[in-house]
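Descriptive analysis of the structure
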Amino acid sequence: MRIFAINPGSTSTKIALYDGESCLWNDTQRYDTDVTGLSDQEQFRFDEITKALETRGASPKDFSAVVGRGGLIKPVKGGVYRVNTAMLEDLRGMKYGAHASNLGAPLAHRFAAEAGKIPAFIVDPVVVDELADEARFSGLPEIPRISIFHALNQKAVARRAAAELKKDVTGCNLIVAHMGGGVSVGAHEKGRVIDVNNALDGEGPMSPERSGSLPTGGLVSMCFSGKYAMPEIRKMINGKGGLVAHLGTNDLREVERRIADGDAQASLVFEAMALQIAKEIGRCAAVLKGEVDAVVLTGGLAHSDKLCERVASRVSFIAPVLRYPGEDEMEALARGALRALRGEESPREYE
C-alpha cells in the first residue's frame, strides 16, 4: 500500500512516499511565499509537487491513497477523515481561518483525482475537539476554553506509548506533553483528549516563543496602558514571549550553552519553564483523577536531556515517564491513512 503524504507549511511543502510503514523517500520544497497569496498557492504548490514526482519517477497512478495535513476546519473529533466537498469548501473559503495547512486537503484531493479512484484523507487536524463539557468553562461565560493543540503528534505518540505498554490506546490513560515552539499538554482518557491547554492562544506553560498563561491583572493593565496596540500584545503572547522575551532567543540549545557558561539568568528561566511544564502535567493528572498509565514527553524540546530530566524529576511520581523526541508529522499522516486502508479505523465524514 503506497501512501503519498503532503504537509504544507508557511514557507515550504513536505512530501513523502510510504510503502506500508516504510518511507521510500521524502522531500522538502522551500519557496518565497511573497510570490503568491495563500488563496493562489494551491495551483502553484500542485505544480511544484508534480515536478518533484516526475524527478523521482513517481506517478499518482501508483498510489493507494493520498493524505494531507488537516487545516483550519470546524472543531471535529480525532481520527482519519475523508476529504469531501464540504471540507474543501470550508478550507478554500478559509471559513475558520487562513493557514498554509488549509492547502493539505485540496492538494491531497487533486493528486487522488490524478490517480483515479483512490481516497484522499486528512488525519487529526489541530482543531480536534474532544473536551469534556466541564473543561470548556473558564471563569467568564464570554470566554469559553477551546481546543487547539498539536493533535497529530499527540495522538500519534499516544498510540506509540500504548503499544509500548502493551495496551490499546482506548484502554489506557496518558498525559502527553508536546514541547516545541509552543507547549500543549493533553489529558488522554481512553483515547480521547478530554482536556488540553490552548498553547496557540496563551494557555499553559511558557515555551521558547509563547508566554503561556499570564497574571490576569497584569495583562489587563498592560492592554489598557496605552503603550501597546492589540497586534503588539498578541505578538508578545505568541512569537515574542517565553524564552524570547526573557533571554532573546528561541533556541533551547543556545540557552543550555549559556547555562554551561555560568549564565545564572538563563539557568533560572530554564528551570521556570521546566516547572511550568511539570505543573501543567500535574493539572492533567488531576483531570484523570490520578489514574495515569504514563506521562509522555514529545516534540522538538524532548531532544533536550536536561529539560526532560528536570520535568521528569517533578512528575515521575504520577506515572512512568516515556520520551519520544521530535515530531514526525509525515509518518503520523501516513500511518493514519494506512489504518483506514487496512480497516483498522473507519474514516469519518466531515459535515
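How each quantity is defined
- Residues numbered from 1 in each chain as written.
- Predicted model: local features only at pLDDT ≥ 70, side-chain atom pairs only at ≥ 80, totals over all residues.
- Heavy atoms only, no water.
- Pairing = 2+ DSSP bridges.
- Helix = DSSP H or I, 4+ residues; strand = E, 2+ residues; numbered from the N terminus.
- Contact = heavy atoms within 4.5 Å.
- Axes fitted to C-alpha atoms, helices over the stretch in contact; angles between N-to-C directions.
- Salt bridge = Lys/Arg side-chain N within 4 Å of Asp/Glu carboxyl O.
- Buried < 20%, exposed > 50% of the residue type's maximum accessible area, 1.4 Å probe, protein only.
- Expected span 1.5 Å × (residues − 1).
- Arc of directions from axis to C-beta.
- Phe/Tyr/Trp six-rings, centres within 6.5 Å; stacked < 30°, edge-to-face > 60°.
- Lys NZ or Arg CZ within 6 Å of the ring centre and 35° of its normal.

**Notes on the sheet that holds strand E3 (residues 22-30)**
Reading across from one edge, E3-E2-E1-E4-E6-E5-E12 is the order of the seven strands in this open sheet, with mixed pairing throughout. Taken across any chain shown, the strands that pair with only one partner, and hence form the sheet edges, are E3 and strand E12 (348-349). Here strand E5 (residues 80-82) runs beside strand E6 (residues 120-123); their pairing, made up of three bridges, is antiparallel. Directly across from Tyr81, in E6, lies its bridge partner Ile122. Packing against the sheet, helix H3 (residues 104-115) makes contact with strand E1 (2-8), strand E4 (65-69) and E6, and its axis sits at approximately 165° to E4.

**Looking at the pattern of salt bridges**
As a working rule, side chains carrying opposite charge can pair if their charged atoms are close by. On inspection of all chains with the given rule, the structure shows 21 salt bridges. In this structure, Arg283 and Glu280 form a salt bridge, with 2.9 Å as the shortest nitrogen-oxygen distance. Taken together, the residues Arg283 and Glu280, both in helix H9 (residues 264-287) and three residues apart, mark about one turn of the helix. For Glu331, the salt bridge is made with Arg335, and the minimal N-O distance between the two is 2.8 Å. With Glu331 and Arg335 both in helix H11 (residues 329-342), this residue pair falls four residues apart, about one helical turn. Its relative accessible area of 27% is what places Glu331 among the partly exposed residues. Through salt bridges with shared partners, a single network forms among Arg145, Asp195, Glu203, Glu280 and Arg283.

**Looking at helix H1 (residues 41-55)**
With 15 residues, H1 ought to run about 21 Å at 1.5 Å a step, and its terminal C-alpha atoms sit 21 Å apart, in line with that. Where H1 is concerned, the buried positions are Gln41, Glu42, Arg45, Phe46, Ile49, Ala52 and Leu53. On an axial view of H1, the arc spanned by its buried residues comes to 130°, and they lie on one face. Exposed and facing more than 90 degrees away from the buried side of H1 are Glu54 and Thr55. Trailing H1 by a residue or two, Gly57 shows a phi angle of about 70°, which is positive.

**Thoughts on the packing of aromatic side chains**
Across all of its chains, the model carries four aromatic pairs by this definition. The interplanar angle of 55° and the centroid separation of 6.4 Å between the aromatic rings of Phe4 and Trp25 together place this pair among those described as tilted. Here the residue Phe4 occupies a position in strand E1, and Trp25 occupies one in strand E3, the gap between them amounting to 21 residues. The exposure classification of Phe4 matches that of Trp25, with both residues buried. With a centroid separation of 4.9 Å and an interplanar angle of 20°, the aromatic rings of Phe4 and Phe63 are classed as stacked. Of the two residues, Phe4 is situated in strand E1 and Phe63 in the loop between H1 and E4; the sequence distance between them amounts to 59 residues. Pair check on accessibility: Phe4 and Phe63 agree, each one buried. Aromatic rings pair up to connect Phe4, Trp25, Phe46, Phe63 and Phe111 into one cluster. In this structure, Lys74 is placed above the aromatic ring of Tyr350, and the distance from its NZ or CZ to the ring centre is 5.3 Å. The ring centre of Phe270 lies 5.7 Å from the NZ or CZ of Lys306, which sits over that ring.

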